[in-house]
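Structure at a glance
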Amino acid sequence: MVFNHLSSLLFLSLAARSALAASANDWRSRSIYQLVTDRFARDDGTTPQCDPQARKYCGGTWKGITGKLDYIQDLGFDAIWISPIVANVNGTTAYGEAYHGYWTSDFNAINENYGTADDLKSLSSALHSRGMYLMVDVVVNHVVPSNGSGINPTTNLNTTFDFSSINPFNTTASYHPYCLISDYSNQTNVEQCWLGDDNLPLPDINTEDENIVSTMYSWIKNLVQTYSIDGIRIDTVKHIRQDFWSGFRDNAGVFTIGEVLNDDPTYTGAYTKVLDAVLDYPTYFPLFTAFTSSSGNLSAVIDFATVRLQSATTDMALVKNAMTWPFTQDGIPILYYGQEQGYAGGADPGNREALWSSGYNSANPLYTHAKTLNSVRKAAITANSGFISTSAKYISLSTSTTSNPSTIAVSKPPLLTLLTNAGSNASDVSWTISKDQNLFQGGEKLVDLLTCTTLTADSDGGLTVQASGANPQVLIPASSLSKSAGLCSDAAEGKSNGAMSPLSVKPAFVGMAIALGFMFL
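Below, the structure is looked at part by part. (Residues numbered from 1 in each chain as written. Predicted model: local features only at pLDDT ≥ 70, side-chain atom pairs only at ≥ 80, totals over all residues. Heavy atoms only, no water.)

**Remarks on the overall build of the protein chain**
Within the protein chain, the secondary structure is distributed over 14 helices and 22 strands. On the protein chain, roughly 18,300 Å² of surface is accessible, and the fraction owed to carbon and sulfur atoms is 46%. (Helix = DSSP H or I, 4+ residues; strand = E, 2+ residues; numbered from the N terminus. Areas by Shrake-Rupley, 256 points an atom, 1.4 Å probe, with all protein chains shown as cover.)

What follows is the structure in structure tokens.
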């Protein structure tokens, strides 16, 4: 995106092509921590004040990230997604400095504000030594010239922009003719007009030109190989014709995730034919609304660049319910840095705070919650070798209302996730699951992995669960929980053999154009 790219609550839908199945499968069991390089950690260990509204560099570096990998790994994440790494426009534009990395000026140089090439290679090496993956954000659609602030549409582009400052696309012919996007229902307008505004237009690269296409393909191949990158997240994918992306993906040779900002699953899902995965914005919008208010409509989630979750609610029960969702559904969970510290920044640039102001507090309750959720997902993968590929299924609740339910239940064997948006002030929240759902055996022992509390199904396999403070619950049969999982070991009765419990053998739910999957940012 152009000015409000980063989100606090986004979602990922994974649809792997068979040609790259091995690469996609390598990522399926991962969970990703996304960070803004300039705002995560400084390499000198200092913690200066950083005002997001100033839109200036605050000093975060690749070396700083390397020094804080213990923090990320302790949270349970085994992959990180960092800001774009190439050189950006220098100086101050109409919207501040390019600290975020999305205003490319030189594809063949790195952003020295983040460190040296050796620093980036060291970060990649340090991650791999820990068994972790590196995902790098890339922008292919547009650039920002050094004198690109402000434009008079009546003037000739040659006199408005100095394209010689862009490497390697340094001529007017390298760009589509100037026109700001005005009609998002017109795909040609979306793909060939420019993002931005008259204060800071973003020249749109002419990706219909075969020489430019060849250059881009070679560039991404070299970038991945030079820095041993394991995955690519691609910005503004819908602004380039679809048939460009398959060749880009193949030359990258690693897992690719595309940003397609649209609430239509059919429109968004089409891009999974040319990339390995897309961000599931069609689910983000109803989910954010559902879990930021006790009056939110959970049925909108079932039926189916923004702000941080806690800019919309301070209710910890709502926050914990929302955080639980992506770790217990289909797809790859992704947490946006600062969520674990309760950051509450609103719209960009407010959602790009410096993490060092938190002191990297591992005692924060949300840090603990995120860490537990990663452990829950790993325990489920251990219990059921088919967990990743088994689709989540919504379970009908005997006590829910169809017009605006405050509770939902989702089965993704061996997990049964119970969520509510009733809010922490609610006094009576429960989930009642009929025996007709055939989820449990009579008298089966269950464990809530978030609290290690044990429950027992009734004699005919039904279950009623009372919420505590309207907090989420994630249940697993005790027989499916291994003592070696490192979670609720006192209640565990299973072995690490990948065996499937009775909950695991139910038919998978398949009903979306793209598989439901989610990510927090």
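From this point on, the discussion continues.
**A closer look at the pattern of salt bridges**
Overall, the coordinates contain 14 salt bridges when judged by the stated rule. When the shortest N-O distance is used, the salt bridge between D74 and K371 registers 3.0 Å. Its relative accessible area of 33% is what places K371 among the partly exposed residues. Of the charged contacts in the structure, one is a salt bridge between D330 and K412, with a shortest N-O distance of 2.7 Å. Within this pair, whereas D330 is found in the loop between α13 (316–328) and β13 (334–336), its partner K412 is found in strand β15 (residues 407–412), the two being separated by 82 residues in sequence. With respect to burial, D330 and K412 carry one shared label: buried. Through salt bridges with shared partners, one network takes in D137, R233, D235 and E259. (Salt bridge = Lys/Arg side-chain N within 4 Å of Asp/Glu carboxyl O. Buried < 20%, exposed > 50% of the residue type's maximum accessible area, 1.4 Å probe, protein only.)

**Some points on empty space enclosed by the protein**
Reported here for the second largest cavity is a volume of approximately 40 Å³. Of all the secondary structure elements, the ones that give two or more residues to the lining of the second largest cavity are β6 (104–110), β7 (133–138) and α8 (210–227). Its residues placed into classes, the lining of the second largest cavity shows nine nonpolar, one polar and one charged. (1 Å grid on protein atoms, 1.4 Å probe; cavity = no way out; pocket = protein on both sides within 12 Å on 5 of 7 lines; lining within 4 Å. Points joined across faces, edges and corners; volume = space filled by probe spheres on them. Nonpolar A, V, L, I, M, F, W, Y, C, P; charged D, E, K, R; others polar.)

**Considering α8**
Here α8 is 18 residues long and its end C-alpha atoms lie 26 Å apart, about the 26 Å a rise of 1.5 Å per residue gives. Of all the positions in α8, only I212, V213, M216, Y217, W219, I220, L223, V224 and Y227 are classed as buried. Projected down its long axis, α8 shows its buried positions confined to an angular sector of 160 degrees, all on one face. Facing away from the buried side of α8 by over 90 degrees, the exposed positions are E210, N211 and Q225. On its buried face, α8 sits against β5 (86–88), β6, α5 (117–129), β7, β10 (231–234) and α9 (242–252). If you check the start of α8, you find a side-chain oxygen 2.8 Å away from the backbone N of N211, and it comes from D209. (Expected span 1.5 Å × (residues − 1). Arc of directions from axis to C-beta. Contact = heavy atoms within 4.5 Å. Polar contact = N/O pair within 3.5 Å; in protein donor to acceptor, adjacent residues only side chain to side chain.)

**Structural notes on the sheet that holds strand β18 (residues 445–448)**
Paired through backbone hydrogen bonds, the strands of a sheet run either parallel or antiparallel to each other. Ordered in space as β14-β15-β16-β21-β18-β19, the six strands form an open sheet in which the pairing is antiparallel. Each edge of the sheet is formed by a strand with only one pairing partner; in this case those strands are β14 (393–395) and β19 (454–456). For this sheet, the mean angle separating the axes of adjacent strands, direction not counted, is 30 degrees. Note that β18 and β19 share three bridges and pair antiparallel. Bridging from a neighbouring strand, V447 pairs with T454 of β19. Sheet contacts for α13: β14, β15, β16 (415–420) and β21 (473–477); angle to β16, the most-contacted strand, approximately 150 degrees. (Pairing = 2+ DSSP bridges. Axes fitted to C-alpha atoms, helices over the stretch in contact; angles between N-to-C directions.)

Purely geometric stuff here, so don't read any function into it on its own.
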